[in-house]
Amino acid sequence: MGVEDPSGQDGDGIPSWYDGNRVAKARVLLVGAGSLGEETALALYGRGFRRVLMVDPGTVGRDDIGHLALVGEEDVGGFRSEVSAKNMAASTSCPGFTYHVGRVRELEGWNFEVIVGCTGDTRTRLFVNGRARLYHIPYVDTAVDGKRGKIQTVLAAGPCAECGMNRFRTRGLNARPSFEQPAPRRRVDPQTAKVVASMASEEALRIACGRQDLCTKGVVYYDGADGSVRTISLNVDPRCSNHEGERWKQTLKSLMQGTGRL
Ligand SMILES: [Zn+2]
């Protein structure tokens, strides 16, 4: 096929570790049913996910028509998560796309193998990030602002989404800012949303197949204006409250090393 592939995939582009059964059974929480959330639902379906709970409190506005992949004129006024999940289930004959109309903090059971965040609301992202850390559920945090996209996979160890937000807020690096600020955001560019959704669903696939070791490290930025991708490395922010257990373990480890017992 003329494309050298160092990742060990076979000729169909299917990784050797892909386990369709595990992927189909994996319970996914998809937070946000805007244009990025809908593209992510489609990308997850395309990769074999069949159990996806879509959560969003918003309704479909007339302005949304033409920007949302899964809704049409007749859905104006309906709840985003409900119409998206229903239309998804109807078009794919897959009943596993379900919905919750409301805020993600209303959810009672957090019985998921993976969470994908597709909401532009920073407070919601921080809440989901905290819950994911608390319950040890891998979390793929995504955002799109205009033609710029961002993806960070948060695992049980290592930096979380809040660490990233803290760093970029204080360091003022030149690529990320509007993702973490309350300023009005630009409308999500549909092509950028597709790319970010595709990347996020690949991360979810690795997690569902037990290959967290293959997940992207750091924060990935995609620029839809020139198609460039860059990854910025990230460490745990010592001020971040989501790493109490890790800090304690680290202290214990250094104490043990100090006494020569490790
Ligand atoms: Zn953190």
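Preceding this paragraph is the structure being described.
Summary of the structure given here. What you see is a predicted model, and the numbers here were worked out from it, not measured in a lab.

Rules and cut-offs
Residues numbered from 1 in each chain as written. Predicted model: local features only at pLDDT ≥ 70, side-chain atom pairs only at ≥ 80, totals over all residues. Helix = DSSP H or I, 4+ residues; strand = E, 2+ residues; numbered from the N terminus. Buried ≥ 20, exposed ≤ 12 C-beta atoms within 10 Å, placed from the backbone. Axes fitted to C-alpha atoms, helices over the stretch in contact; angles between N-to-C directions. Parallel < 35°, antiparallel > 145°, perpendicular 65-115°, else oblique. Left-handed = near helix turned anticlockwise from the far one by under 90°. Contact = placed C-beta atoms within 7 Å. Core = buried A, V, L, I, M, F, W, Y, C linked by C-beta atoms within 7 Å. Pairing = 2+ DSSP bridges. Right-handed = clockwise from strand over helix to strand, strands pointing away. Expected span 1.5 Å × (residues − 1). Arc of directions from axis to C-beta.

In this section: the overall build of the protein chain. In terms of regular secondary structure, the protein chain is built from 7 helices and 8 strands. A buried classification covers 39% of the 262 residues belonging to the protein chain.

All right, on to the packing of helix H2 (residues 35-46) against helix H6 (residues 190-208) then. Packing of H2 against H6 leaves a shortest axis separation of 8 Å and a crossing angle of 45 degrees. Judged on the interaxial angle alone, H6 and H2 are oblique. Both H2 and H6 take part in a crossing whose hand is right-handed. Along its contact with H2, which presents Ser 35, Leu 36, Glu 39, Thr 40, Ala 43 and Leu 44, the element H6 presents Pro 190, Ala 193, Lys 194, Val 196, Ala 197, Ser 198, Ala 200, Ser 201 and Ala 204.

This part covers the nonpolar core. Val 28, Leu 30, Met 54, Val 114, Ile 115 and Ala 204 are the most contacted members of the largest nonpolar core, which totals 60 residues. Residue contributions to this core peak at 10 residues, all from H6. Beyond its immediate chain neighbours, meaning those up to four positions away, Ile 115 contacts Leu 29, Val 31, Val 128, Ala 132, Ile 137 and Tyr 139.

Pairing in this open sheet of 8 strands is mixed, and the strands run S3-S2-S1-S4-S5-S6-S7-S8 from one edge to the other. Each of the sheet's edge strands pairs with one partner strand only, and the pair in question is strand S3 (97-101) and strand S8 (228-232). Strand-to-strand twist across the sheet, computed as the mean angle between neighbouring axes with direction ignored, equals 15 degrees. As paired strands, strand S5 (residues 139-145) and strand S6 (residues 148-154) are joined by 7 bridges and run antiparallel to one another. Looking across to S6, one finds that Asp 141 is bridged to Gln 152.

Looking at chain direction, strand S2 (residues 51-56) and S3 are connected through 5 bridges and run parallel. Directly across from Leu 53, in S3, lies its bridge partner Thr 98. In this fold, the crossover linking S2 to S3 by way of helix H3 (residues 80-92) has right-handed handedness.

Right, let's talk about helix H4 (residues 122-135) for a bit. Over its 14 residues, H4 extends 20 Å from the first C-alpha to the last, a length consistent with the 20 Å expected when each residue adds 1.5 Å. Listing the buried residues of H4 in full gives Arg 125, Val 128, Asn 129, Ala 132 and Arg 133. End-on view of H4: buried residues confined to an arc of 135 degrees, all on one side of the axis. The exposed set on the far side of H4, more than 90 degrees from its buried face, consists of Arg 123 and Leu 134.

Before going further, it helps to spend a moment on the pairing of S8. With 0 of its 5 residues buried, S8 lies for the most part at the surface. Direction of pairing for strand S7 (residues 219-223) relative to S8: antiparallel, over a ladder of 5 bridges. Directly across from Val 220, in S8, lies its bridge partner Thr 231. What sits between the antiparallel neighbours S7 and S8 is a turn of 4 residues, in which Gly 227 has the positive phi angle 75 degrees.

With that settled, the discussion passes to the environment of Val 71. Following the sequence through the fold, Val 71 ends up in the loop between S2 and H3. Residues Val 71 and Lys 86, spaced 15 residues apart in sequence, show a C-alpha to C-alpha distance of 9.8 Å. Here Val 71 is in contact with Val 60, Asp 64, Val 83, Ser 84 and Asn 87, once residues within four sequence places are set aside.

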